[in-house]
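# Architecture and fold: a report
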Amino acid sequence: MNCPAFADNDQDKLLVAKINDMLRKSQRSFSPSYSFFLDERQCALAEKICTQFNNPQILFRLWGGFAEAQRKMLCVFSDIYPEPDTNNYPFRCLSFSYKGEKMLSHRDFFGSLMALRLKREAIGDIIVEDNFSQLFATDAAAQLILSEIHKIGNHNVTVRDDLPLTAEAKQDFTVLDCTVCSMRTDCIIASALNLSREKSAALIHSGCVQVNFFSQSSVSCEMKTNDVFSVRGFGKFIIDSVGGITKKGRIHIKIRKYI
């Protein structure tokens, strides 16, 4: 399979090649194949590639330890056998307990993990709470973390891999109540950013806008509920809901902006 048009760069093309190898392997051997952890854009790319694969017997699933995970592993498998259990994905949930007045941050965890020369693709979501945090790591990375990490930031930590996920992933939003004349991309961007349609179109044409993690160059593309969009320099948003029509014929929508 050639690299599709939405593979924008060399990193995308390498991922496409990796996924195609996984698909062909499952087609030959009927055994499941697993990727490394993928970010949200890579998950969207993986879903496109797997959906286009010309063999309805080869199925796929993205899983990161919990339903709302942002970083997930791709599993490709044959429908000849039952779908692999999520407990069989080659990663573990690691739990970190510590004491101290200052809560550890994601940056604290990344610093300790990168000091072990771990690649980002070996680490899934990191969920930070007061005195207790959890993260997902590939089996090999988890073993290294368990044996080598005893301190993060200024805190001594105890690391375990025998606890279920209990920390709650939280994402803060600002809710924007908007009305738009249509669901065109330029209208949505203009409303979310409080800009004119002309300035919104200029952002789109200059390559500053992504919709569902891919570059969007069309001002007239229709958007819908749950579409995620980002604008360089302005942040990331999601269309939360599309409501009724106002007396002036405009569409009422709710947009959440990630904080």
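Details of the structure are given in the entry above.
Residues numbered from 1 in each chain as written. Predicted model: local features only at pLDDT ≥ 70, side-chain atom pairs only at ≥ 80, totals over all residues. Heavy atoms only, no water.

## What to know about the layout of surface pockets
Put simply, the test is: A 1.4 Å probe that fits but cannot get out identifies a cavity on a 1 Å grid over protein atoms alone, an open set with protein on both sides within 12 Å along at least five of seven lines counts as a pocket, and a residue lines either if it has an atom within 4 Å of a point. Grid points are joined across faces, edges and corners, and a volume is the space filled by probe spheres set on the points. The helix count covers DSSP runs of H or I at least four residues long, the strand count covers runs of E at least two residues long, and both are numbered beginning at the N terminus. Residues were grouped as follows: Ala, Val, Leu, Ile, Met, Phe, Trp, Tyr, Cys and Pro as nonpolar; Asp, Glu, Lys and Arg as charged; and all remaining residues, including Gly, as polar.
If you add up the space inside the largest pocket, you get close to 1200 Å³. Surrounding the largest pocket, 39 residues form its lining, E40, E68, A69, Q70 and D125 being those nearest its centre. Counting only elements with at least two residues in the lining of the largest pocket, the list comes to α2 (40-52), α3 (106-115), β5 (123-129), β14 (235-245) and β15 (251-258). With six residues, β5 is the single largest residue contributor to the lining of the largest pocket. Lining of the second largest pocket is provided by A44, E47, K48, V211, N212, F214, S215, Q216, C221, E222, K224 and D227. Split into classes, the residues belonging to the lining of the second largest pocket amount to four nonpolar, three polar and five charged.

## Observations regarding the pattern of salt bridges
Side-chain pairing between opposite charges can occur once the charged atoms of the two side chains come close. The line we're drawing: In the sections that follow, a salt bridge refers to a side-chain nitrogen of Lys or Arg positioned within 4 Å of a carboxyl oxygen of Asp or Glu. Working definition: with a 1.4 Å probe on protein chains only, accessible area under 20% of the residue-type maximum means buried, over 50% means exposed, and in between means partly exposed.
Per the stated rule, a full pass over the model turns up 11 salt bridges. With its nearest N and O atoms 3.7 Å apart, the salt bridge here joins R92 to D139. Of the two residues, R92 sits in strand β4 (residues 91-97) while D139 sits in helix α4 (residues 139-148), which places them 47 residues apart along the sequence. The shortest N-O distance in the salt bridge between D186 and R184 comes to 2.9 Å. A relative accessible area of 24% means that R184 is categorised as partly exposed. Within the structure, one salt-bridge network assembled from shared partners comprises R92, D139 and D161.

## Notes on the side chain of R71
Test applied: Identification of polar contacts relies on pairs of N or O atoms within 3.5 Å, with a donor-acceptor requirement for protein atoms, meaning one able to donate a hydrogen and the other able to accept it, and with residues adjacent in sequence counted only if both atoms are side-chain atoms. Contacts were defined at the residue level, with two residues in contact if any of their heavy atoms lie within 4.5 Å.
Assignment of secondary structure puts R71 in the loop between β2 (58-63) and β3 (72-78). A distance of 2.8 Å separates a polar atom in the side chain of R71 from the backbone oxygen of I123. With residues up to four places along the chain from it excluded, the contact list for R71 reads F37, L38, D39, G64, R120, E121, I123, G124 and D125.

## Concerning the packing of aromatic side chains
Spelled out, the test is: Here a Phe, Tyr or Trp ring, Trp counted by its six-membered ring, pairs with any other such ring whose centre lies within 6.5 Å, and the pair is stacked when the planes are under 30 degrees apart, edge-to-face when over 60, and tilted otherwise. Charge-over-ring placement is defined geometrically: NZ (Lys) or CZ (Arg) within 6 Å of the ring centre, and within 35 degrees of the ring normal.
Taken as a whole and assessed by the stated rule, the structure comprises eight aromatic pairs. Between F229 and F237 the ring centres are 5.1 Å apart and the planes differ by 10 degrees, which places this aromatic pair in the stacked class. For F229, a relative accessible area of 1% translates into the label buried. According to the relative accessible area criterion, F237 is buried, its value standing at 1%. Pairwise contacts between aromatic rings join Y34, F37, F66, Y89, F91 and F136 into one cluster. Over the aromatic face of Y258 sits the side chain of K236, whose NZ or CZ is 4.5 Å from the ring centroid. Of note, R256 hangs over the ring of F173, and the distance from its end group to the ring centre comes to 4.4 Å.

## Describing α2
Selection rule: Expected helix span is given by 1.5 Å per residue-to-residue step, counting one fewer step than there are residues.
Its 13 residues place the ends of α2 19 Å apart at the C-alpha level, agreeing with the 18 Å of an ideal helix rising 1.5 Å per residue. Buried within α2 are the following residues: R41, Q42, C43, A44, L45, A46, I49 and C50. Structurally, α2 contributes buried residues whose contacts are with α1 (10-29), β1 (33-38), β2, β3, β11 (209-211) and β12 (214-215). Where α2 begins, the capping side chain belongs to D39, and its oxygen is found 3.2 Å from the backbone nitrogen of R41.

Shape descriptors only; they carry no functional weight alone.
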